[in-house]
Amino acid sequence: MSNLDHDSGYGGSISDGYINDGSKHWNPGMTEDRYLPGDIFEGEGGENGKRVMASHVHQLYYNQNRAALGRQITRTVETLKALQQMNATWPAQYPTVRHPQPPKPESRPGMTHSQSSAGGSGSAPRQIDNKPFRPDALKRAATSLGEASSAESSSDAEQRRPKQPKEPERLITPEAAQDFSVLKLNMNVQGFTQAEIAHSMKKESIAALLDGKINQSIKHLLLLRDRIEDMSSKVLVTGDLNAGKSTFCNALLRRKILPEDQQPCTSIFCEVLDAKENGNLEEAHAIPKHVTYNRNDERTYDVYPLHELEKVVTDDEKYSQCKVYVKDSRAIDESLLNNGVVDISLIDAPGLNADSVKTTGNFARQEEIDVVVFVVSAANHFTLSAKEFLLEAAREKAYIFMVVNGFDNIRDKERCQRMILGQIGILSRTTFKESSELVHFVSSKAIPTAPPTGPPDGGGDGGASGGSGSSSGPSNDFPQPDDEDDELIGKHGEPGSPPDKGKGKDKEKIEDFEKLESSLRRFVLEKRARSKLAPARTYLLNVLADLNLLATVNRDVAQSELDRVVGELEEIEPAFEKSKQARSEVSDDVDKTIEDTCSEIYRNTRTIVTNAISQVAETDLKVPYSGLMNAYQYAEDIKMAMLDDISSAVTMCESQAKQKTIGSVNTIKSLGILHLGNDYTDLTFNSDKMFRGRRDALAREVDFDIEIADFFDISGLWDRQEKVAGTGLVISVLLTSAYLLHSIPHTLPPRLSRRISATLASTDYTHRNSLRISHEVRKILRFPAETLRSGLQASVRDLGEQREERRKVKRESEVARKYFGNLVRETAEGRRKVEDVDLEGAAPGVAGGYESGVMV
Ligand SMILES: Nc1nc2c(ncn2[C@@H]2O[C@H](COP(=O)(O)OP(=O)(O)OP(=O)(O)O)[C@@H](O)[C@H]2O)c(=O)[nH]1
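Please read these numbers as outputs of a predicted model, since none were measured by experiment.

1. Let's talk about the overall build of the protein
Right, on to step 1. For the protein, the count of helices and strands is 21 helices and 13 strands.
Right, on to step 2. Here the protein holds 856 residues, and the buried ones make up 40% of them.
Right, on to step 3. Counted over contacts in the protein with a minimum sequence separation of 6, partners at least 24 positions apart contribute 81%.

Here's what the structure looks like:
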């Protein structure tokens, strides 16, 4: 305060000589702040000087607070926008879950973990280490409370976390959702709690809802910023019918702008604004009912000159309200409208009665109304409507500025004060407590006013002479009191006589009114601080608390996700490598199995068929020889028997190949089961179907006619010829013939066998059949081999995809954990800053100043 005594607080000291001539001008270029009342230096030690100083300091604090809140709003909007982006890539969890709170041993239920996994792997994982690898199925978080009843600290909970990656932990309580105020999601489904609905919803849907909430919040914050940056303040003047509201407004303006009448006349809301807001043009804009006013659009109002205002204010049929632009050329330290600090507008409301009390109550509740001034007639006290209004308004606006008007009419002033203050005590305790600042007993009519059209008379110096304004002197037109106890000056028997003639008394009234004015000014400034800054402060505190909770939960969720995927990766990585190795090893094994099987079958078939062909002559074919007559048939039979023998050798080879194939199919199958487990697709293999397509048409192939030569062993014949040489020709012929006929069963088979063998050799029969059989086996084995190979391939691919997906989740979770970790810090920091914005006890010498009634 000692500094303040010497320093304006705006960066320039008094000795800078800005305004040391005491001139009542302000210098807008000097600082950002606009309020610099000229009488700031008048009597430094005087009460007025201190009051002015105090409001000066108040303004300084106001600007500091306003700037701090404005900065925080900007920062919070940026934070929300960043959260929206984050939410798009990493859908934020809506905390129906409670993150581990600092331990509250008495009440806290044991925590149960559940999760919603971001997993979502597209395909089933494969077997790892011969045991099926099955990450847990996706789950949404579910409400679960209190399995264990004993208390548990966060670090206990931390330690309790299983080493193996299981479900990431979520600590669920539906109450956490209740902790939200601004970002609370509106999920109303009858019969379900918010938490239940949240749990049943997809993460993305919740993220989308949250996104909407964030948008709303950003919009609201921007409105709040506009509001705190708005330099205007609206003062609603209301009160009973004929209490003198219009007269009071005129007195504040020092001009008779609003029509005053003995009878109730104001029937619409009249807002009086500085003409500067209307291009310095004095006029009234009457706004027809159901039209939204836009000063720049003349279609939205009718223009009236000020002296015709009466026509407008009484016409509640056509108009709903009117804006009255007036010039207020009083000095900034005197003028309420043009005060150099805020653009104040006065709203003269229609008098209260049973019909209007609701409308006015609603009007007063509007956000833009910073201050409510209640005008009550000193003679009439509070009517029923007044009481109803005040009780209702007290709920919204703790303090009401009370103007007890027509005090000039009261003879026993002390008694009147006592009675009215008593009533105020009942109607608004808070106002009563600050009554020295908030309750003023004045005579508005005693304040000199200039006519609506004429120039303002320039302020209260001497203009109060005779107690009359330039256009309307005090009169006895003030309503007569109902209360018999009230004693009115100029009452019965003195019609028309002024209530007070003494010049000294008028001066007193003017002083009282001026006191009211400076109180009102302080009150407007302070209330403005509350009504403009408090909503921003409260909202910021709420939104930052919500963000902090959201961030804390999501940081924990991100950490859990991270733990989970890191654990899963520890299993997947080696499984993936193993699976890749298995793929190539098994592929080689299978190739080898097929190759070995086929070559063995080829070799085996070749040996057997070759043997069969070469040995067919020695085989007992069991074909009876029934003499020469049937020799030809015999030869045919022998030939067929030989071919059958060879065919059955081939058939035997085929069935051996079948057996071999079954064995190899089983080998491949066991390889599949070994490496793919249950994911191995087993094919049904029916060996009976093998070798059915191509019948061995051997008989057709060996299609030669039996020749005579086949029956004779020529070389044997020549041997014989030698032996029988010397015997007679006939005997010789006979013997030879007999020998030939006799030797047919011996000579025919080798002969036929040779021919068959030669024919088969010429068609490469053995090789062809061996090849055919081994080819068929290869063809059969290729199926399970291919299935196994593609199974292994799929396993590698799946594990690779799983690995990639987990890696992605890991990366995202790391980003999210970091982001939300920062957000936790940022929002806590932001909240502290906003908490530091102290709107209650702001300016020293102002806050609490009402208590004593003197600003110190
Ligand atoms: N004696 C005396 N008369 C006053 C005072 N203030 C207002 N009046 C008179 O009271 C009557 C009503 O004043 P208005 O200002 O029209 O009252 P109001 O509350 O605006 O009336 P409505 O808006 O119509 O309800 C007028 O005749 C004023 O001259 C005052 O301080 N003393």
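Still more ground to cover, so stick around.
2. Remarks on the sheet that holds strand 13 (residues 439–441)
Right, on to step 1. Across the sheet, 9 strands lie side by side as 8-7-9-6-10-5-11-12-13; this open sheet has mixed pairing. Only two strands of the sheet have a single partner each, and these edge strands are strand 8 (302–304) and strand 13. When strand polarity is set aside, the average angle formed by the axes of neighbouring strands in this sheet is 20°.

3. Some details on the pairing of strand 11 (residues 369–377)
Right, on to step 1. By the criterion of burial, strand 11 is predominantly enclosed, with 8 of the 9 residues buried.
Right, on to step 2. Pairing geometry for strand 5 (residues 232–239) and strand 11, over 6 bridges, is parallel. Pairing of L236 across the sheet is with V372, part of strand 11.
Right, on to step 3. In the sheet, strand 11 pairs with strand 12 (residues 401–405) via 5 bridges, with the strands oriented parallel. Note that in strand 12 the partner of S377 across the bridge is N405.

4. Brief notes about the packing of helix 15 (residues 631–676) against helix 20 (residues 765–836)
Right, on to step 1. The N-to-C vectors of helix 15 and helix 20 enclose an angle of 10°; their axes lie 10 Å apart at closest approach. In terms of orientation, helix 15 lies roughly parallel with respect to helix 20.
Right, on to step 2. Each residue belonging to the contact of helix 15 with helix 20 can be placed in one class, and the counts come to 15 nonpolar, 7 polar and 3 charged.

5. Some points on the pairing of strand 6 (residues 269–274)
Right, on to step 1. The element strand 6 is extensively covered by neighbouring structure, given that 6 of its 6 residues are classed as buried.
Right, on to step 2. Pairing of strand 6 with strand 9 (residues 319–326), which is carried by 6 bridges, proceeds in the parallel orientation. Counted as the bridge partner of V272 is V324 from strand 9.
Right, on to step 3. Looking at chain direction, strand 6 and strand 10 (residues 343–348) are connected through 3 bridges and run antiparallel. Bridge assignment links C270 to a residue of strand 10, and that residue is D348.

6. Quick look at the nonpolar core
Right, on to step 1. If you look at the biggest cluster of nonpolar residues, it comprises 116 residues, and the most contacted ones within it are V237, C322, V373, F374, F401, M402 and V403.
Right, on to step 2. The element contributing the most residues to this core is helix 14 (residues 503–615), with 22 residues.
Right, on to step 3. Beyond its immediate chain neighbours, meaning those up to four positions away, V373 contacts V235, L236, V237, F401 and V403.
Right, on to step 4. Ranked by size, the runner-up nonpolar core spans 46 residues in total, among them V609, M642, L676 and Y680.

7. Examining helix 7 (residues 245–253)
Right, on to step 1. Most of helix 7 is tucked away, with 9 of its 9 residues classed as buried.
Right, on to step 2. Here helix 7 has its buried residues at K245, S246, T247, F248, C249, N250, A251, L252 and L253.

8. Observations regarding the confidence of the model for the protein
Right, on to step 1. Confidence in the prediction of the protein, expressed as mean pLDDT, is 73, and 68% of residues score 70 or more.
Right, on to step 2. Per-element confidence in the protein ranges from a low mean pLDDT of 34 for strand 1 (residues 113–114) to a high of 93 for strand 13.
Right, on to step 3. For the stretch residues 97–176, pLDDT sits under 50, and the model shows 138 contacts to residues farther than four places along the chain or on other chains.
Right, on to step 4. Both scores are given for the predicted complex: the pTM is 0.57, the ipTM 0.97.

9. Things to note about the environment of L236
Right, on to step 1. If you trace the backbone, L236 turns up in strand 5.
Right, on to step 2. According to the C-beta neighbour criterion, L236 is buried, with 24 such atoms within 10 Å.
Right, on to step 3. A sequence separation of 133 residues divides L236 from I369, and the C-alpha atoms of the two residues are 6.6 Å apart.
Right, on to step 4. When near neighbours in sequence (up to four residues on either side) are disregarded, L236 contacts I347, A349, F363, A364, I369, V372 and V373.

10. Some points on helix 11 (residues 413–427)
Right, on to step 1. The first and last C-alpha atoms of helix 11 sit 21 Å apart over 15 residues, in line with the 21 Å expected at 1.5 Å per residue.
Right, on to step 2. Of the residues making up helix 11, those classed as buried are C416, I420, I424 and L427. Down the axis of helix 11, the sector holding all buried residues measures 65°, keeping them to one side. Those residues of helix 11 that are exposed and angled more than 90 degrees off the buried face are E414, R418, G422 and I426.

11. So, unusual backbone geometry
Right, on to step 1. A positive phi angle is found at N242, which is not glycine, with a value near 60°.
Right, on to step 2. Within the secondary structure layout, N242 lies in the loop between strand 5 and helix 7.
Right, on to step 3. Although it is not a glycine, N280 sits at a positive phi angle of roughly 65°.
Right, on to step 4. Tracing the sequence through the fold places N280 in the loop between strand 6 and strand 7 (283–288).
Right, on to step 5. Taking the C-beta count within 10 Å as the criterion, N280 has 10 such neighbours and is therefore assigned exposed.

12. Things to note about the environment of N87
Right, on to step 1. Note on placement: N87 falls in helix 2 (residues 47–89).
Right, on to step 2. Spatially, the C-alpha atoms of N87 and D211 are 7.4 Å apart, while their sequence positions differ by 124 residues.
Right, on to step 3. Ignoring any residue separated from it by four or fewer positions in sequence, one finds N87 in contact with A92, A207, L210 and D211.

Calculation notes
- Residues numbered from 1 in each chain as written.
- Predicted model: local features only at pLDDT ≥ 70, side-chain atom pairs only at ≥ 80, totals over all residues.
- Helix = DSSP H or I, 4+ residues; strand = E, 2+ residues; numbered from the N terminus.
- Buried ≥ 20, exposed ≤ 12 C-beta atoms within 10 Å, placed from the backbone.
- Contact = placed C-beta atoms within 7 Å.
- Pairing = 2+ DSSP bridges.
- Axes fitted to C-alpha atoms, helices over the stretch in contact; angles between N-to-C directions.
- Parallel < 35°, antiparallel > 145°, perpendicular 65-115°, else oblique.
- Nonpolar A, V, L, I, M, F, W, Y, C, P; charged D, E, K, R; others polar.
- Core = buried A, V, L, I, M, F, W, Y, C linked by C-beta atoms within 7 Å.
- pLDDT = per-residue confidence, 0-100.
- Expected span 1.5 Å × (residues − 1).
- Arc of directions from axis to C-beta.

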